[in-house]
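What the coordinates show
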Amino acid sequence: MDFELSDEQVLLRDSARGLLTRSYDPESRNKVVDTELGWSRDVWGQLAEIGILGLTFETAGVGPIEAMVALTEVGRRLAPEPIIAAALTPGVLIAEAGTDEQRRLLERVASGQRLLAFAHTEPGMRWPSTEPATHAAHDGGSWTVTGRKNPVPAGDCADTLVVSAALPGGGVALFLVDADAVTRLKYRTFDGHRGAQIDLDQAAAEPLGDAVEATKVIRNAIVRTQSALCAEAVGAMEEALRLTTDYLKSRKQFGVTLNKFQALTQRAADMYVSLEMARSMNMYAAMSIADGNLDPVVASRAKLAVGQAARHIGQEAVQLHGGIGMTAEYPVGHYLARLTAIEQILGSCDDHLHVLIDRLGDYDVVTL
Amino acid sequence: MQLALTADEAAFRDKLREFYTTEIPSEIRARVRAGEGFHPDDLVGSQRILNANRLAVPNWPVEWGGQDWTPTQHQIWLDEMQLACVPEPLNFNTKMVGPVIAEFGSQELKERFLPPTANIDMWWCQGFSEPEAGSDLASLRTTAQHDGDSYVVNGQKAWTTLGQYADWIFCLVRTDPSAPKRQAGISFLLIDMSTPGITLRPIKLIDGSYEVNEVWFEDVRVPADQLVGEENQGWTYAKFLLGNERTGIAGVGRTKVRLAEAKKYAAQTKRGSGTLLDDPLFAARFAEVENELLALELTQMRVVSGSADGKPNPASSVLKLRGSQLQQATTELLVEIAGPDALPFGADIASPRWAQRAAPTYLNYRKTSIYGGPNEIQHNIIASTILGL
């Protein structure tokens with residue numbers, strides 16, 4: 001039992017924190033989010049240099065904890081770069097299911113030269129379903145994929161898509177599809193990220209590995225993604241609380257700073273309690289994966305706890321700021337927005353609670 | 001980062017698990033599992049077995065029966081004890097007065113008091129709170145006047161838990177009423193409960209039980225050699241003690257056991273065409289409490305493995321706060337599972353005994369967010385010490 005980071009992990013954390021703090025203050029972050037791309041290719045290149053874009057697939061023995069450490073820093077600065085969506089999640093799918101040649105693509109992903117996206121969710125399909133209506137067809141020596149995928153995070157900028165599709169004989173497989181072979185409607189999400197609706201009309205597709213059942217590979221990648229999202233949320237919650245306590249110490253009303261009012265400080269204390277509970281569950285999720293245990297129930301436990309804390313902390317952070325918290329110029333509202341988005345990606349609190357309820361009769365006490 | 005226990009820690013856990021489940025009589029543990037009220041004989045019997053095996057006071061200095069354990073080992077000792085439903089050694093002895101005497105007492109006091117305290121040959125109670133000094137403990141008024149080789153104590157203590165069983169009481173008393181700061185005039189005194197001038201009155205609580213007492217002191221002569229440490233330094237010792245009081249107060253293991261019992265009963269309770277555990281509304285709340293308890297357990301592991309020196313940590317306020325809330329949530333669930341069977345009390349009828357105990361326990365457990373520094377005070381500690389507000 002050890003909750004300390006290794007020296008290398010501390011180094012990674014400090015580099016990520018340093019890079020993102022240099023790159024973004026609230027004002028410059030908002031400017032970058034308002035560009036067409038919505039993030040910075042320059043920062044992307046630097047993230048590649050410190051090894052963050054290949055964390056889930058690049059080096060043996062390095063992975064979940066490092067991803068947690070890096071994503072916490074991303075959350076802290078609300079960095080808009082689609083690290084999870086354009087690199088980590090589709091990257092691990094290729095690493096686990098791809099052929100040797102397909103895996104060579106990952107070098108260019110890790111170095112920041114190629115962007116991916118995982119086109120999985122469809123209209124009417126919600127986590128935990130992995131049964132897409134999008135289907136693959138085989139004709140002669142080649143495959144095509146037909147269907148609509150939405151929302152696809154980072155689908156707007158990806159060069160290559162990893163697409164889930166039903167096989168003619170049943171089961172779900174993964175395919176690589178060139179972004180030029182699809183029609184995409186690009187959009188901005190409410191939290192300033194980017195995505196696309198992607199229509200595939202007999203799009204030329206290359207099976208990722210063999211065209212075989214890939215549900216388990218998808219589930220594993222989703223568990224890793226949920227853990228990474230939890231880490232990003234923890235970083236965002238930490239900063240939302242820091243902004244709030246700083247504000248309580250500096251803002252004056254009735255001739256005194258707001259931290260003289262127990263009605264406010266007691267609520268800030270509750271935010272801290274929520275944060276620490278969420279942080280523990282976030283560590284639990286990453287540490288379980290690092291132990292080789294890709295258990296979706298553990299991921300659900302973490303995402304439920306983090307989602308509940310995110311709502312509490314996000315809402316209270318805005319409330320304790322008062323009116324200034326409502327303005328787009330001030331950062332705290334953007335943290336609420338991002339936390340709200342994370343809660344709706346890959347399962348809401350209720351979705352994860354369902355997972356737990358379904359297993360409630362299987363054990364007497366929860367064991368780690 | 002590593003979630004699993006080390007091989008040594010796992011072996012340590014297995015050894016303790018075996019000890020608790022084989023050496024402590026099963027009828028004692030069954031009574032604890034069933035939550036059947038408070039049995040002083042069970043506590044004494046169990047603590048003496050533990051003490052005979054150097055397991056009653058591991059937090060004390062090694063020369064007085066303690067163990068040279070890591071913080072993680074201490075936590076395993078407690079968790080396994082709670083999971084095995086072994087009555088915990090009496091806090092007043094092992095976590096409060098014992099460590100204070102060991103840290104601040106003279107050699108004579110240590111020799112006289114520590115061995116019987118560890119073996120619960122002396123049952124201690126705590127004389128801190130007063131009718132006008134609750135959370136604001138430093139406003140206490142009970143006085144002790146130095147007179148020759150004794151102190152003469154006058155005043156009243158309140159909320160003295162289990163005082164009706166106690167042989168001795170450790171008291172905060174005001175020895176210098178004119179001290180410039182209220183905290184500066186307080187001393188820490190050990191008093192034999194059979195000393196003339198002491199009157200104890202048990203207070204009936206909302207569950208019908210007797211747990212706390214009022215204690216009056218009227219010209220009680222206490223030998224001066226029963227002063228711990230130095231005169232007027234009692235506040236320092238009390239702060240040391242209160243820091244210890246809050247560690248291990250989360251009760252994660254106890255709540256786990258109670259939740260497992262609740263789940264068993266819910267699975268036996270019919271609702272509609274299935275059981276209560278199949279009901280999505282109930283199951284959702286149950287699963288949330290389980291998940292929150294897991295978060296608390298992990299947080300406690302973080303705090304423990306991070307506190308290398310074993311000193312109290314402001315994070316113990318977080319553990320106390322969440323721990324008490326989850327203990328209470330579990331007792332609420334049990335009342336709901338019992339439903340109308342919660343109404344009868346102490347009758348030999350169709351309503352099962354656990355169901356009859358559910359509501360009184362729920363009422364009784366409202367105390368957990370009040371004692372050991374109420375949760376509002378824990379909020380203030382978190383806000384000021386951790387958040388700097």
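Residues numbered from 1 in each chain as written. Chains lettered and ligands numbered in written order. Predicted model: local features only at pLDDT ≥ 70, side-chain atom pairs only at ≥ 80, totals over all residues.

**Looking at the overall build of chain A**
A tally of helices and strands in chain A yields eleven helices and nine strands. Computed over its C-alpha atoms, the radius of gyration of chain A comes to 21 Å, within 12% of the 21 Å expected for a compact globule of 368 residues. Considering only C-alpha atoms, chain A reaches an extent of 80 × 55 × 40 Å along its principal axes. Put simply, 76% of the contacts in chain A that link residues at least 6 apart link residues at least 24 apart. (Helix = DSSP H or I, 4+ residues; strand = E, 2+ residues; numbered from the N terminus. Rg over C-alpha atoms; globule rule 2.2 N^0.38 Å. Contact = placed C-beta atoms within 7 Å.)

**Remarks on the overall build of chain B**
Helix and strand counts for chain B stand at twelve helices and nine strands. On the principal axes, the C-alpha backbone points of chain B span a range of 75 × 50 × 50 Å. Looking at the 389 residues of chain B, the share that counts as buried comes to 43%. Taking the contacts inside chain B whose residues are at least 6 apart along the sequence as the reference set, 71% of them involve residues at least 24 apart. (Buried ≥ 20, exposed ≤ 12 C-beta atoms within 10 Å, placed from the backbone.)

**Topic: helix H9 (residues 296-321) of chain A**
Residues and elements named next belong to chain A. In this model H9 runs 37 Å from its N-terminal to its C-terminal C-alpha over 26 residues, within 8% of the 38 Å that 1.5 Å per residue would give. The buried fraction of H9 is high, at 20 of 26 residues. Remark: glycine 322 follows H9 within two positions and exhibits a positive phi of approximately 75 degrees. (Expected span 1.5 Å × (residues − 1).)

**Quick notes on the interface of chain A and chain B**
Interface size is commonly expressed as the accessible area that is lost once the parts come together. On the side of chain B, 40 residues touch chain A, which itself brings 38 residues to the contact. Mapped by element, the contributors of at least two residues to the side of chain A that touches chain B are helix H7 (215-250), helix H8 (262-290), H9 and helix H11 (349-358) of chain A. No other element matches H8 of chain A, which puts 15 residues into the side of chain A that touches chain B. Of the residues assigned to the side of chain A that touches chain B, the class counts are 24 nonpolar, seven polar and seven charged. (Nonpolar A, V, L, I, M, F, W, Y, C, P; charged D, E, K, R; others polar.)

**Points about the domain arrangement of chain B**
According to the domain assignment, chain B contains domain 1 (7-89), domain 2 (124-232) and domain 3 (247-386). On a C-alpha basis, the centres of domain 1 of chain B and domain 2 of chain B stand 30 Å from each other. (Domains from an automatic or database assignment.)

**Considerations on the nonpolar core**
Ranked by size, the top nonpolar core spans 161 residues in total, and within it Val162, Phe175 and Met237 of chain A carry the most contacts. For methionine 237 of chain A, the contacting residues outside a window of four places in its chain are Leu275, Ala278, Ala309, Ala310, Ile313 and Leu339 of chain A. If you look at the next biggest cluster of nonpolar residues, it comprises 49 residues, including Val57, Ile101, Phe128 and Ala144 of chain B. (Core = buried A, V, L, I, M, F, W, Y, C linked by C-beta atoms within 7 Å.)

**What about unusual backbone geometry?**
Residue and element names in this part refer to chain A. Of note, the bond from tryptophan 127 into proline 128 is cis; its omega dihedral lies within 30 degrees of zero at 10 degrees. You can see proline 128 is positioned in the loop between strand E1 (116-119) and strand E2 (135-139). The step from asparagine 150 to proline 151 runs through a cis peptide bond, and the omega angle for that step is -10 degrees. Note on placement: proline 151 falls in strand E3 (residues 142-153).

**Concerning the environment of aspartate 121 of chain B**
Mapped onto the elements of the fold, aspartate 121 of chain B is located in the loop between helix H6 (107-118) and strand E1 (124-127). Remark: the alpha-carbon pair of aspartate 121 of chain B and aspartate 167 of chain B, spanning 46 residues in sequence, is separated by 8.8 Å.

**Quick look at the packing of H7 of chain A against H8 of chain A**
Geometry of a packed helix pair, given as the angle between the helix axes and the separation of the axes. Residues and elements named next belong to chain A. Where H7 contacts H8, the axes come no closer than 9 Å and their chain directions differ by 160 degrees. Relative to H8, the element H7 lies roughly antiparallel. Handedness of the crossing formed by H7 with H8: left-handed. Across the interface between the two elements, Val223, Arg224, Ser227, Cys230, Ala231, Val234, Met237, Glu238, Leu241, Thr244, Thr245 and Leu248 from H7 touch Leu264, Thr265, Ala268, Met271, Tyr272, Leu275, Ala278, Arg279, Asn282, Ala285, Ala286 and Ile289 from H8. Partitioning the contact of H7 with H8 into residue classes produces 16 nonpolar, five polar and three charged. (Axes fitted to C-alpha atoms, helices over the stretch in contact; angles between N-to-C directions. Parallel < 35°, antiparallel > 145°, perpendicular 65-115°, else oblique. Left-handed = near helix turned anticlockwise from the far one by under 90°.)

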